Structure formats: structure tokens, C-alpha cells
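Next come the chains, spelled out residue by residue.
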Amino acid sequence: MDKSSNNSWLVILLISACLLLPFLESMHGGVLWGLNWHSPRLMDTLSHNLLYIKLVLVITGFILLFVKPEKIKSIIKNKIARWLFFIIFTLVAVVQIPLLCLGIMLNGTSLSRLDYIHKQSTFDDRTIYIYTADPGAMGKAYHYAYLNCPLAFGRYELKQIAKFSWMHQYTFYIEKNNLVVIDKNPSGLTHTFDMSNITCAS
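What counts, and where the lines are drawn
- Residues numbered from 1 in each chain as written.
- Predicted model: local features only at pLDDT ≥ 70, side-chain atom pairs only at ≥ 80, totals over all residues.
- Heavy atoms only, no water.
- Helix = DSSP H or I, 4+ residues; strand = E, 2+ residues; numbered from the N terminus.
- Expected span 1.5 Å × (residues − 1).
- Buried < 20%, exposed > 50% of the residue type's maximum accessible area, 1.4 Å probe, protein only.
- Contact = heavy atoms within 4.5 Å.
- Pairing = 2+ DSSP bridges.
- Axes fitted to C-alpha atoms, helices over the stretch in contact; angles between N-to-C directions.
- Core = buried A, V, L, I, M, F, W, Y, C linked by side-chain atoms within 4.5 Å.
- Salt bridge = Lys/Arg side-chain N within 4 Å of Asp/Glu carboxyl O.
- Polar contact = N/O pair within 3.5 Å; in protein donor to acceptor, adjacent residues only side chain to side chain.

Enquirer: Report on helix α2 (residues 40-67), specifying residues and quantitative values.
Expert: The first and last C-alpha atoms of α2 sit 40 Å apart over 28 residues, in line with the 40 Å expected at 1.5 Å per residue. Taken as a whole, α2 has its buried residues at Pro 40, Met 43, Asp 44, His 48, Leu 50, Leu 51, Lys 54, Leu 55, Val 58, Gly 61, Leu 64 and Leu 65.

Enquirer: Please provide a residue-by-residue account of the environment of Phe 62, values included.
Expert: With respect to the secondary-structure elements, Phe 62 resides in helix α2. Counting along the chain gives 30 residues from Phe 62 to Val 92, while the straight-line C-alpha distance between them is 9.2 Å. With residues up to four places along the chain from it excluded, the contact list for Phe 62 reads Leu 19, Thr 90, Ala 93, Val 94 and Ile 97.

Enquirer: I'd like to hear about the sheet that holds strand β2 (residues 126-133), residue by residue, with values.
Expert: Taken in spatial order, the four strands make up an open sheet running β1-β2-β3-β4, and their pairing is antiparallel. The open sheet terminates on both sides in strands that have one partner only, identified here as β1 (118-123) and β4 (156-165). The average undirected angle you get between the axes of adjacent strands in this sheet is 25°. Alignment of β2 against strand β3 (residues 142-150), held across seven bridges, turns out to be antiparallel. In the sheet register, Tyr 131 faces β3, and the bridge partner there is Tyr 144.

Enquirer: Residue-level account of the nonpolar core, with values.
Expert: The biggest cluster of nonpolar side chains holds 19 residues, and the ones touching the most others in it are Ile 15, Leu 19, Leu 65, Ile 72 and Phe 85. Those elements that provide at least two residues to this core are α1 (3-28), α2, α3 (69-75) and α4 (79-110). Counting residues per element, this core draws most heavily on α4, which supplies seven residues. Not counting the four nearest positions on each side in its chain, Leu 19 is found in contact with Val 58, Gly 61, Phe 62, Phe 89, Val 92, Ala 93 and Gln 96. If you look at the next biggest cluster of nonpolar residues, it comprises 17 residues, including Leu 147, Ile 161, Phe 164 and Met 195.

Enquirer: Describe the pattern of salt bridges, listing the residues and the values that go with them.
Expert: For the structure on display, the rule yields two salt bridges. For Glu 25, the salt bridge is made with Lys 54, and the minimal N-O distance between the two is 2.7 Å. Pair noted here: Glu 25 is in helix α1 and Lys 54 is in helix α2, with a separation of 29 residues, a long-range link. By the burial criterion, Glu 25 is buried, and Lys 54 matches it. Across the pair Arg 41 and Asp 115 runs a salt bridge, and its minimum N-O distance is 2.4 Å. With a gap of 74 residues between them, Arg 41 in helix α2 and Asp 115 in helix α5 (residues 114-117) connect regions that are remote in the sequence. For Arg 41, a relative accessible area of 35% corresponds to the partly exposed category. Asp 115 gets classed as exposed once you look at its relative accessible area, which sits at 54%.

Enquirer: Describe the side chain of Ser 16, listing the residues and the values that go with them.
Expert: Checked against the element boundaries, Ser 16 lands in helix α1. At a separation of 2.9 Å, a polar atom in the side chain of Ser 16 contacts the main-chain carbonyl oxygen of Ile 12. Not counting chain neighbours up to four residues away, the residues in contact with Ser 16 comprise Leu 21, Phe 85 and Phe 89.

Here you go:
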């Protein structure tokens, strides 16, 4: 295999990596294929930064697709296969670019609300994490409470305890095998969720 052929294969691999890796990561639903490293807050921050990286990769792959047609042609000899390559990867790029731009626009404001979205406290040997899903005017806000279980290599696993209606300010603690959440508003509602069957060992 000569140097020219090597360069052509490199171009195809770069195009494929730049366009497919961001697409597959986005389709998975979890940051970096569900890495779950250190804390949900860190993963959320990382997901925002990944949007910029993925956008740069997709644009790079899209540009290479059209500025290096001869390299692609030298490897993919069949005309139909070559057209399929161009069409499929063009669609992958065209779909991703506006969605990534929209994600950057929407997620930019949430970076300033990390303390509001992510709350975590440890009580003895149990760590409780509460995530606030607040779509604003587009829907109703909820809180999701989880038991945060440590895994090897600094990773974690979340086990859902409960979903409950939004509160502007609240505090929470563990009492025996119950998660107690207290609304700080004048109403002072108290929510109690049984955690007897939710453990990191199960």
C-alpha cells in the first residue's frame, strides 16, 4: 500500500470518526456512553462542553467530505457505493449541526444554574442526589431523588428513590430508612420516601 493510498484511507477514517462518533454519543443518551464519572454535576458540565467539541468535529468531517472527493474516490471505486457514502454522511452532518447549535443555545443558561439543578449530600454511608428537571414554560418541573452508589474507578450508579413535584427551596435528610424532603416555603410540606428496598448492594 503506497503513501497516497494510506493518506486516502486516513481521510475516510477521519470523516467517519468526525461524523459518526458525535452522532453515536448523542444517540446513547448518557454522557460519553454512560461514563458516570465522579458526580452527576460534573457529567452535566462535561456534556455542555462536549457540545462544542462535537460541533467542531462534525463541521470538520463535513468540510473534509467535500474538499477531499478525490481521496474518497481512490478508495471507494464503485460509483453507487461512493454516492451512498456521500449521501449518508451528508445527512448525518446536516442533522447534527442544527441540533448541536440548538443544544448549545439552550444549555448555555443552565450552566449558571448548576446549584439549582444538582443537589447532593452524604448521610453516614449513603449519598442522596436530587436532580431538578425544569423545562420552564414548556412543561411542569419535577425533582428526582436518587441513591448515589459508588463504583470502581471513580464511577457511580444512580438508583431512583422517588419523583416529586417542584419546590422552590427545600432541604432533605435521611431518617432511619426514609428520605425526608421538607419544603422551605410557608406551607412547609414534608415528603417521606421509603428507602428500605433501595440499597447500593442490591
